[in-house]
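The residues making up each chain are set out below.
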Amino acid sequence: MSAAAEAAPAYTGWRVYRHPRVLGMALLGFSAGLPLLLVGGTFTAWLKDLGVELSAIGFLSWVGMAHSIKVLWAPLVDRLPLPLLGRWLGRRRSWMLLAQGVVAVALAGIALTDPTERLWLVALWAVLAAFGSATQDVAVDAYRVEAVGPSRQAAMAATYVFGYRVALLTAGAGALHLAAWGSWTLSYAAMALLMGVGIATSLAVREPEARPGEATHRLEAEAAARLPGGARSGLAAWLVAAVVCPFADFFRRFGLPVAVAILLFVATFRISDIVMGVMANPFYLDLGFTKGEIANVAAAFGLAVTLLGAALGGALVSRLGLARMLIATALLAPLTNLTFSGLAAIGPQMAGLVAAIVADNLTGGMAISVFIAYLSSLTNTAYTATQYALFSSLMTLPGQLLGGFTGLVAEQVGWSAFFALAAAAGLPAIGLAVALLRWAHPDAGQPARP
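Now for a description of the structure that goes with this document. Per chain, residues are indexed from 1 in the order of the written sequence. Since the coordinates come from a predicted model, pLDDT governs what is reported: local features require at least 70, and pairs of side-chain atoms require 80 or more to be given and counted, while whole-chain, interface and lining totals use all residues. Side-chain metrics rest on all non-hydrogen atoms present in the structure, leaving aside hydrogens and water.

1. Looking at the pattern of salt bridges
The salt bridge criterion pairs a side-chain nitrogen of Lys or Arg with a carboxyl oxygen of Asp or Glu, the two atoms within 4 Å. Under the defined criterion, the tally for this structure stands at six salt bridges. With a shortest N-O distance of 2.8 Å, Arg144 and Asp141 are connected by a salt bridge. Pair noted here: Arg144 and Asp141 are both in helix α8 (residues 119-147), with a separation of three residues, about one helical turn. Relative accessible area serves as the criterion here: at 0%, Arg144 is assigned to the buried category. In this structure, Arg253 engages Asp249 in a salt bridge whose closest nitrogen and oxygen atoms are separated by 3.0 Å. With a gap of four residues between them, Arg253 and Asp249 both fall in helix α13 (residues 235-254), about one helical turn apart. To qualify as a helix, a DSSP run of H or I must reach at least 4 residues; to qualify as a strand, a run of E must reach at least 2; elements of each kind are numbered from the N terminus. Throughout, exposure labels follow a simple rule: accessible area from a 1.4 Å probe, protein chains only, divided by the maximum for the residue type, with under 20% read as buried, over 50% as exposed, and the rest as partly exposed.

The following block contains the structure:
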């Protein structure tokens, strides 16, 4: 072992959170989370407060769809070098900085525009902010995956989640308090200035060293060779490399059966938590808890427990490995949902609510950091942005679709049975997690073929 290696700090266990890039991820997480409510819940509250018609507010909620379709332009973030900025900062940092600048300008534009007089211009600024926010997500996700090795990915995810959640509080409660104390103009102007946190971080961090490997070059050469002769070196070849090859690479690395199993696992891992979460607040109110109790225990205390769980997950992955923690969280996340069935049986007991929140949010926070680390391990650094955008969209889509039916199910079967069914929705993910230990072990370098 070299002297440099001996002198290097051992960032394992809880010490992993002392790694400079892990610490910096909290600031990038803050920057990524800040715009979400400012074009979502806080935005609609402002419009309602100013007397904008509900129909217009409803239509403006569509601006948030940018985050659901970001995979469409993720290939540009992967492969299109930005002039000037790209040469100065590198591929990932230049896209992060551009997206953060767009969000800051758009929030400032919203602050300086009166929606009662020029609603169309407010809508335009909001759309710009949403697309800038979604692009920032793509670039930050790619940076996070490439900046550190696999053993620190869960810690990166945990600090990202911490910064993200703090940003949600800032853009939610913080923005509302500023608007009540001063004005909505002051509130949005302050939020625009806070995007400076992300801008400063993008300028301060180092560009990841990841470079495409020989296998990537061979794949793109083979794909280009299948094009007509005149298109092999033009725009068509670039589009094939940027759009087609990320998906071809994933299926080639794992093989069709294993790749399909992985995608099914990604799609089912969080179904149980998402389905349960849709009905959580209606359940608390129906059971007899007050709004204040829900805010203090389920929201504020629950957030603290979630962040603790995320940090614990990151520390355990660095010490125990990803595979063990993936199995553990796949099992624990649906099991702890059963605590809500117990709460439904005993009624509005504060001790029962605290126990359910601790169990569910602690394992939920662990699952978030572990699963983000797992998704990161699936990507090829040549196509990080595109592949991770695909995985992150797939991770939430099935649960969100099923979430629309949760009210009907709860009305038909009652709360205890509903939460039992929500827990059962996590069984496929447990089976797939066990199967993938053999076919595509999360801690192994190369997948095995079934």
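2. Looking at the side chain of Lys70
Note that Lys70 resides in the loop between α4 (54-60) and α5 (74-79). In this tally, Asp and Glu contribute negative charge and Lys and Arg positive charge; neither His nor the terminal groups of the chain are included. Although Lys70 is buried, it forms no salt bridge, and the closest oppositely charged side chain is Asp137 at an N-O distance of 4.2 Å. Setting aside its immediate chain neighbours within four residues, Lys70 contacts Ala134, Asp137, Val138, Asp141 and Ser392. Whether two residues are in contact is decided by their heavy atoms: any pair within 4.5 Å suffices.

3. As for unusual backbone geometry
Here the phi dihedral of Leu84 falls at roughly 65°; this positive angle occurs in a residue that is not glycine. Given the relative accessible area of 61%, Leu84 is considered exposed.

4. Section: helix α11 (residues 196-204)
Among the residues making up α11, those that are buried are Gly198, Thr201 and Ser202. Here the buried residues of α11 occupy an arc of 100° about the axis, which is enough to place them on one side. In this structure, the buried side of α11 is in contact with α2 (20-38), α7 (91-111) and α10 (184-194). An arc is given here, and it is the one of the directions from the helix axis to the C-beta atoms.

5. So, the nonpolar core
Buried Ala, Val, Leu, Ile, Met, Phe, Trp, Tyr and Cys residues that are joined via side-chain atoms within 4.5 Å together make up what is termed a nonpolar core. One finds Tyr17, Leu34, Leu38, Leu107 and Tyr188 to be the most contacted residues of the largest nonpolar core, which totals 62 residues. Beyond its immediate sequence surroundings of up to four residues, Leu107 is in contact with Leu38, Tyr188, Met191, Ala192 and Met195. Ala261, Phe391, Ile430 and Ala440 belong to the second largest nonpolar core, which has 40 residues in total.

6. Examining the packing of helix α16 (residues 280-287) against helix α17 (residues 291-320)
Angles run from 0 to 180 degrees between N-to-C directions of axes, and those axes are lines fitted to C-alpha atoms, restricted for helices to the stretch in contact. Interhelical geometry of α16 versus α17 gives an angle of 135° and a closest axis separation of 10 Å. Accordingly, the angle class assigned to the pair α16 and α17 is oblique. Here α16 and α17 pass one another in a crossing that is right-handed. Note on element contacts: α17 touches α16 through Lys291, Ile294 and Ala298, opposite Asn281, Tyr284 and Leu285. Side-chain classes follow a simple rule in which Ala, Val, Leu, Ile, Met, Phe, Trp, Tyr, Cys and Pro form the nonpolar group, Asp, Glu, Lys and Arg form the charged group, and the remainder, Gly included, forms the polar group. Among the residues making up the contact of α16 with α17, the classes are represented as four nonpolar, one polar and one charged. Angular relationships are summarised with four words: roughly parallel below 35 degrees, roughly antiparallel beyond 145, roughly perpendicular across 65 to 115, and oblique for the angles in between. Definitions for this section: a left-handed crossing has its near helix turned counterclockwise from the far helix by less than a right angle. A right-handed crossing has that turn clockwise.

7. As for a nonpolar patch on the surface
A contiguous nonpolar surface patch, about 540 Å² in accessible area, is contributed by Leu402, Phe405, Leu408, Val409, Val413 and Leu421. Broken down by element, the residue count for the nonpolar patch peaks at three residues, all from helix α21 (residues 406-413). Along the chain, Val413 falls in helix α21. Judged by its relative accessible area of 41%, Val413 falls in the partly exposed class. For patches, a residue must show more than 30% relative accessible area and have no salt bridge; joins then use 9 Å for like charges and 5 Å for nonpolar side chains, namely Val, Leu, Ile, Met, Phe, Trp and Tyr. Surface exposure here means Shrake-Rupley accessible area, sampled with a 1.4 Å probe, where a residue is shielded only by the protein chains that are shown.

8. Details of the environment of Ala104
On the secondary structure map, Ala104 appears in helix α7. Judged by its relative accessible area of 13%, Ala104 is buried. Remark: the alpha-carbon pair of Ala104 and Met191, spanning 87 residues in sequence, is separated by 8.0 Å.

9. Things to note about helix α20 (residues 384-403)
To estimate how far a helix should reach, multiply one less than its number of residues by 1.5 Å. In this model α20 runs 29 Å from its N-terminal to its C-terminal C-alpha over 20 residues, within 8% of the 28 Å that 1.5 Å per residue would give. Consider a residue and the seven residues that end there alongside the seven that start there; fitting an axis to each set, the bend is the angle between those axes. Bending of α20 peaks at approximately 25° at the position of Leu397, with proline Pro398 no more than four residues after it. Listing the buried residues of α20 in full gives Thr384, Ala385, Thr386, Gln387, Tyr388, Ala389, Phe391, Ser392, Met395, Gly399 and Gly403.

Read these as layout, nothing more, since geometry by itself doesn't imply function.
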